[in-house]
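A closer look at the structure
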Amino acid sequence: SPQETEICKPFVLRQIELVRPKVLVFLGGASAKALTGVQDGILRLRGRWLELPLGPAAQGTTIRAMATLHPAYLLRSPVQKRYAWRDFLAIKAALDEASGG
């Protein structure tokens, strides 16, 4: 529920802040909307790089993030897998770049 999401949000953000991943992947629009505040639907949002600002302890650091289609959606709409594939190729390239490879 939206209330549960708001209750858990600070804990999720803190975990992301502690781990500081090179790239964050949102599976579906709900997670991207909840953590970044964007309002676009997933079909407009997917494939675009977003910046997730971390809390004050991270001193203004941001994490690169990308939303992609949720696996349950892909099961219902298999033709959309091509878009998810493109997203994951972009994510892989970003990870390769971040690791110097």
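Below is a summary of the structure that appears in this document. No experiment lies behind these values; they were computed from the predicted model shown.

Inspection of the secondary structure puts Asp 87 in helix α5 (residues 81-98). Apart from residues lying up to four places away in sequence, Asp 87 is in contact with Arg 46, Gly 47, Met 66, Ala 67, Thr 68 and Leu 69.

With that out of the way, let us pick up the environment of Ala 67. Within the fold, Ala 67 resides in strand β3 (residues 62-68). Note on Ala 67: relative accessible area 0%, which makes it buried. Considering only alpha carbons, one finds Ala 67 and Ala 30, 37 residues apart in sequence, at a separation of 9.5 Å. Those residues in contact with Ala 67 that lie beyond four places of it in its chain are Phe 26, Ala 32, Ile 42, Leu 45, Arg 46, Gly 47, Arg 48 and Asp 87.

Burial runs high along β3: five of the seven residues are buried. As judged from the five bridges shared by strand β1 (residues 23-27) and β3, these two strands associate in the parallel manner. Residue Leu 24 lies in a different strand from β3, and its bridge partner there is Ala 65.

Counted under the stated rule, the structure contains four salt bridges. The closest approach of N and O atoms between Arg 14 and Glu 17, which form a salt bridge, is 3.0 Å. Here Arg 14 and its partner Glu 17 are both found in helix α1 (residues 2-19), three residues apart, which amounts to about one turn of the helix. With a relative accessible area of 10%, Glu 17 lands in the buried category. In this structure, Asp 96 and Lys 92 form a salt bridge, with 2.8 Å as the shortest nitrogen-oxygen distance. With Asp 96 and Lys 92 both in helix α5, this residue pair falls four residues apart, about one helical turn.

Here is what the cut-offs are and how they apply
- Residues numbered from 1 in each chain as written.
- Predicted model: local features only at pLDDT ≥ 70, side-chain atom pairs only at ≥ 80, totals over all residues.
- Heavy atoms only, no water.
- Helix = DSSP H or I, 4+ residues; strand = E, 2+ residues; numbered from the N terminus.
- Contact = heavy atoms within 4.5 Å.
- Buried < 20%, exposed > 50% of the residue type's maximum accessible area, 1.4 Å probe, protein only.
- Pairing = 2+ DSSP bridges.
- Salt bridge = Lys/Arg side-chain N within 4 Å of Asp/Glu carboxyl O.

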